[in-house]
Structures are given as C-alpha cells and as structure tokens.
Amino acid sequence: MQETVDVLNRGQFIDMLYQLVNTMSDLKQGKIFSIDGTWGYGKTYVLEELERRLSPVVNEDTYDDKFYVFHYNCWQYDYYEEPSVAIISAMLEASENSLEHRINKVAKAGWETAKEILTEVAGEYVKNKIGVNIVEIFQSEKTGIDNQKFKFDQMFAFKKTLDETREKLKRMSEIKTVVIVVDELDRCMPEYAIKVLERLHHLFEGIPNTIVIMAVDSKQLENSVKKIFGNAVDTGRYLRKFISFNLELGVGELQSKYVERYNYYFEKFEERDAAAEELQTLATLCQIDIRNLNKLIEKLDIIHTLAFKGKMSESVLWFELMWGMIKYKISLPDKEGKYSDRSDDLYWLPEIDHATYGGLDNYLSKDIIEYLKEKKNIAMTHTRIIGMNSEEIMVSNDFNGEAWHILDQLLAHKKTLYMDPVNQTVDIDECKKFIEFAKILW
C-alpha cells in the first residue's frame, strides 16, 4: 500500500490526538468527541493516521493490543435503515479483519473475544428484527390490524436490544479500550446524520473505557439540525448532548512534502524548486484545502499534458500555478457569500500592480493582491521608451520574470511586459495552447 504523504503538516495535531486517546485510555474514561473541520480539510487523513498508530500499540502488562479500534464509515453503511445495525456491522467486520492480520496469539485471542461478543449483539438484532422489519411494517400498516400493538412491540424490542447491546459493549471495554472512529458523517443525508448521532449516544454514552471520535463539519451539522427541528432550535445545546468537546482542525499549512505528493505533475518541468516554494506561499494565502488542491493540480496536469510535449522550463510551471490558483480563488463566493462577475479570463492579473478593478479585494484578499504585486515588482527590471506615448517594461531573466511575461502576453488587453529574445526560453504561441485547452476543460 502506498504511504500517504502529509502535505498539510497534520503531524502535530495527530500527535496531540494520539496522546489524548492514550491518556483517556489510561484513566478508563468514556467520551464522545469530534474533530471539527470544513469539507476538504483532511479529517479522513487525520483519522486514518490515528488508527494506524493505535492499532499496533501493545499493553506492556498483558502483551495484548491496548485498543480495540473500529472504523465506522457512515456513508458507506447508510444502506442500513437503522444506524445501530450499521454500527454493529462495521464493528463486526473490523473484528474479522483484525483477526486476519494478527500474528500475536494473545492479540488474536483478544480479537476473537470481541468477535464473539459482537456476533452475540448481531444475533440480538436479527432475533428482534431490528432494522430488517420493512416488509412486516408495510404489511401491518396495509392491513391496519393491531398496528399500535405492532409498533409498541417493535419499540419495546428495540429498547431491549439497545440495553443488551450496551451490556455486551461494557464487557468489551473491560478487556481493553474500545475506540470507534466515525467518518463521512458529512456525506449522509441530514435525517440519517442526526439519527447516527443519536444512535452513537444510545450505544456508547457513559460506557467507561470507550472512546468515540467523529469527523464533523459543525456548520453543516448545525444546518442539518435546523432542517430537521427548525431554525428556532438551539443547535449548540442540542449537539452538546451528543458531543463532549470539539477539536478544531484548521485548513492546515502546505509543507514541502507536497512536491513528493504531486511529483507526477512537477516531474514534467526541468526545474521546479523555486516555483514549488512559491506555490506553498500562494496556497496558504488562498486558504485552499487539500481536496481542492488535489483537484487543482490534477486539472493543471491534464491541461499541461495536452498543451506541451517534453519537459518545460520552470517559468511555465510558475505561470500555470499562478493562473490555476487565482482561477480557483475567484471561483469562490465573496465575503458576503455572493458570486459576482470576476472576469474569469484574468486579463487584470498581469496588471495587478496598478489595476483598479472594483471589488477585487473582496475575493482575492489584500494579502494575495500584495503578494502578487510584490512578485511582479521583483520581476520588472527597467522601462524602455519606444515612442511618444508608448513604453516597454523589461522583466528579469529568471523563472519569475518570464512567468509574468507569459501572463502579460497571453492575458493582458494591452501588452507591456517584454523579455530580451535571447534570454526567452519558451515560445508564447506554444503557451497559448494551455489557455485554449483550459477554456475547454476548466
């Protein structure tokens, strides 16, 4: 399996999370808490890394695994109408997978016990027809015979099954710490997401030595609560019933390892270090999350492959990265959540140092504008008068200077940036192909 590259420097956050879970385990605490971050911030990566670290931890006294680690993907299991059935199914599947990969006899025996307990739990759900009673409900409602008694019996059976499940889960937590990692809640329909929260609460709340860690987008979750219960509901108070505390996951800071992650694209250029370093700064200023950055680089790679043959200079790389990052940024809503005319052909970008286009800082931010101005000013070396009312601005003989020359020649309505032809490493007409393919594929 290919190792996942941490391009957003999540190591420190994962270290803290790992220590937190170990401390809670040592204290035999039971908690349900969340990792809170917007879609695309890398919550899944954080959870996967935490699971990877927890799984091989061995109890020094018993030589057994310290944790029972279970992964529950809400969206993957949402074909179960009843989330508690989905949760137990995911746990049972995880125990079977762990048994297959355990060599240590003590650890294997521990997981065999977990599988036996979870099999008992699953048997209770089948026996009491929890989550598999769709046909019976339909037939009962269709005939109208003893419908209230049927519903009462179903609720009674459900309550009894939950109580028995909790008792069996307590048995597991007495053997070792139970960790349930819950992912992809954001992808579920609002009704199902709320139902999952309630079932996690019903099953695990208050059980010692049992830790539930959920990946959530709090804003989206609050919207789901309002959709179900109305805008008047106190969403914070409601969610605190299910979640003890939140660990906020920010957008992250792009690290040098991203060069390794996106090597399939960067390897198409003769040089890349300086331009790649600038991407690190620009991506941070643009606050682009990892999922959208992945999509952006993939798209640039496709367009570049269509437009160019053979390895290109670093100036082309920097031109593509600036163009792509700004293109991404202007596609987002402004500070007021509105989409306005952004002139997506970017004709204003080469003139960023003196452009007066209204509202530009609403969606680019002053920091981005100042950064671009600085990069252009560094690129410009001197001005050459070529007529009464005409002048040419010469740019530096490096990757940054030529990249701004390309932007100017391809995008500006009035071209003003020039290079000495002797120092020019790319054919502008060849670069036009990139813009042409981008108009089709972007």
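Conventions adopted
Residues numbered from 1 in each chain as written. Predicted model: local features only at pLDDT ≥ 70, side-chain atom pairs only at ≥ 80, totals over all residues. Heavy atoms only, no water. Salt bridge = Lys/Arg side-chain N within 4 Å of Asp/Glu carboxyl O. Helix = DSSP H or I, 4+ residues; strand = E, 2+ residues; numbered from the N terminus. Buried < 20%, exposed > 50% of the residue type's maximum accessible area, 1.4 Å probe, protein only. Axes fitted to C-alpha atoms, helices over the stretch in contact; angles between N-to-C directions. Parallel < 35°, antiparallel > 145°, perpendicular 65-115°, else oblique. Left-handed = near helix turned anticlockwise from the far one by under 90°. Contact = heavy atoms within 4.5 Å. Nonpolar A, V, L, I, M, F, W, Y, C, P; charged D, E, K, R; others polar. Pairing = 2+ DSSP bridges. Lys, Arg positive; Asp, Glu negative; His and termini not counted. pLDDT = per-residue confidence, 0-100. Patch = residues over 30% accessible without salt bridge, like charges linked within 9 Å, V, L, I, M, F, W, Y side chains within 5 Å. Areas by Shrake-Rupley, 256 points an atom, 1.4 Å probe, with all protein chains shown as cover. Right-handed = clockwise from strand over helix to strand, strands pointing away.

**Some thoughts on the pattern of salt bridges**
Link 1 in the chain: On inspection of all chains with the given rule, the structure shows 17 salt bridges.
Link 2 in the chain: One salt bridge connects Glu-278 with Lys-375, and the closest N-O pair in it is separated by 2.9 Å. One end of the pair, Glu-278, is in helix α12 (residues 273-286); the other, Lys-375, is in helix α16 (residues 366-379), and 97 residues separate them in sequence. Each member of the pair, Glu-278 together with Lys-375, is buried.
Link 3 in the chain: Note that Lys-373 and Glu-370 form a salt bridge whose closest N and O atoms lie 3.9 Å from each other. Linking Lys-373 with Glu-370, this pair stays in helix α16, spanning three residues, or about one helical turn.

**Quick look at the packing of helix α13 (residues 290-307) against helix α14 (residues 314-330)**
Link 1 in the chain: Packing of α13 against α14 leaves a shortest axis separation of 11 Å and a crossing angle of 130°. By the angle class used here, α13 and α14 are oblique. Considering how the two elements wind past one another, α13 and α14 form a crossing that is right-handed. The residues of α14 that touch α13, namely those facing Asn-292, Leu-293, Leu-296, Ile-297, Leu-300 and His-304, are Val-316, Glu-320, Leu-321, Trp-323, Gly-324, Met-325 and Tyr-328.
Link 2 in the chain: Among the residues forming the contact of α13 with α14, the class breakdown is nine nonpolar, three polar and one charged.

**Digging into unusual backbone geometry**
For residues besides glycine, phi is generally negative; the peptide bonds are generally trans as well.
Link 1 in the chain: Positive phi is not limited to glycine here, since Gln-287 has a value of about 55°.
Link 2 in the chain: Inspection of the secondary structure assignment puts Gln-287 in the loop between α12 and α13.
Link 3 in the chain: Non-glycine residue Leu-346 carries a positive phi angle of around 60°.
Link 4 in the chain: Take Leu-346: it is sitting in the loop between α14 and α15 (360-364).

**Examining the sheet that holds strand β3 (residues 177-183)**
Link 1 in the chain: As summarised here, the arrangement of the five strands in space is β2-β3-β4-β1-β5, forming an open sheet in which the pairing is parallel. Lying at the two open borders of the sheet, with one neighbouring strand each, are β2 (67-73) and β5 (246-248). On average, adjacent strands in this sheet sit at an angle of 20° to one another, irrespective of strand direction.
Link 2 in the chain: The sheet contacts of helix α7 (residues 190-204) involve β1 (31-36), β2, β3 and β4 (210-216), and relative to β4 the element is tilted by about 170°.

**Describing the environment of Glu-96**
Link 1 in the chain: With respect to the helices, strands and loops of the structure, Glu-96 is situated in helix α3 (residues 83-101).
Link 2 in the chain: A relative accessible area of 34% places Glu-96 in the partly exposed class.
Link 3 in the chain: Sequence separation between Glu-96 and Glu-112 is 16 residues, and the spatial gap between their C-alpha atoms is 8.3 Å.

**Concerning the packing of α13 against helix α18 (residues 428-441)**
Between two packed helices, the angle of one axis relative to the other and the distance separating the axes together describe the packing.
Link 1 in the chain: Packing of α13 against α18 brings their axes to within 8 Å, and their N-to-C directions diverge by 130°. With respect to α18, the element α13 is oriented oblique. Both α13 and α18 take part in a crossing whose hand is right-handed. From α13, Lys-299, Leu-300, Ile-302, Ile-303, His-304, Leu-306 and Ala-307 reach across to α18, where they touch Glu-430, Lys-433, Phe-434, Phe-437, Ala-438 and Leu-441.
Link 2 in the chain: Of the residues contributing to the contact of α13 with α18, the split by class is nine nonpolar, one polar and three charged.

**Quick word on the side chain of Asp-36**
Link 1 in the chain: Mapped onto the fold, Asp-36 is located in strand β1.
Link 2 in the chain: At 6.8 Å, Lys-43 is the nearest oppositely charged side chain to Asp-36, a buried residue that forms no salt bridge.
Link 3 in the chain: Excluding residues within four positions of it along the chain, Asp-36 makes contact with Val-216, Asp-217, Ser-218, Asn-246, Leu-247, Glu-248 and Leu-249.

**Describing the confidence of the model for the protein**
Link 1 in the chain: Predicted confidence across the protein gives a mean pLDDT of 84, with 85% of residues reaching 70 or more.
Link 2 in the chain: The element-level mean pLDDT for the protein is lowest in helix α5 (residues 134-143), coming to 43, with β3 highest at 96.
Link 3 in the chain: Note that pLDDT drops below 50 for residues 132-142; the model gives that stretch ten contacts with residues more than four away or on any other chain.
Link 4 in the chain: Low confidence marks residues 148-153, where pLDDT is under 50. Its contacts with residues over four positions away, or in another chain, come to four contacts.

**Section: a nonpolar patch on the surface**
Link 1 in the chain: On the surface, Ile-302, Leu-306, Ile-440 and Leu-441 cluster together into a nonpolar patch covering about 380 Å² of accessible area.
Link 2 in the chain: The set of elements that each furnish at least two residues to the nonpolar patch consists of α13 and α18.
Link 3 in the chain: Tracing the chain through its elements places Leu-306 in helix α13.

**Points about the pairing of β3**
Link 1 in the chain: Counting buried positions over the seven residues of β3 gives seven, a clear majority of the element.
Link 2 in the chain: Of the two faces of β3, the one holding Thr-177, Val-179, Val-181 and Asp-183 and the one holding Val-178, Ile-180 and Val-182 are both buried throughout.
Link 3 in the chain: Pairing analysis gives seven bridges linking β2 to β3, with the strands arranged parallel. Across the sheet, residue Val-69 finds its bridge partner in β3, namely Val-179.
Link 4 in the chain: By the bridge criterion, five bridges tie β3 to β4 in an arrangement that is parallel. Paired with Val-182 across the bridge in β4 is Met-214.
Link 5 in the chain: This β-α-β element, β3 to α7 to β4, shows right-handed connectivity.

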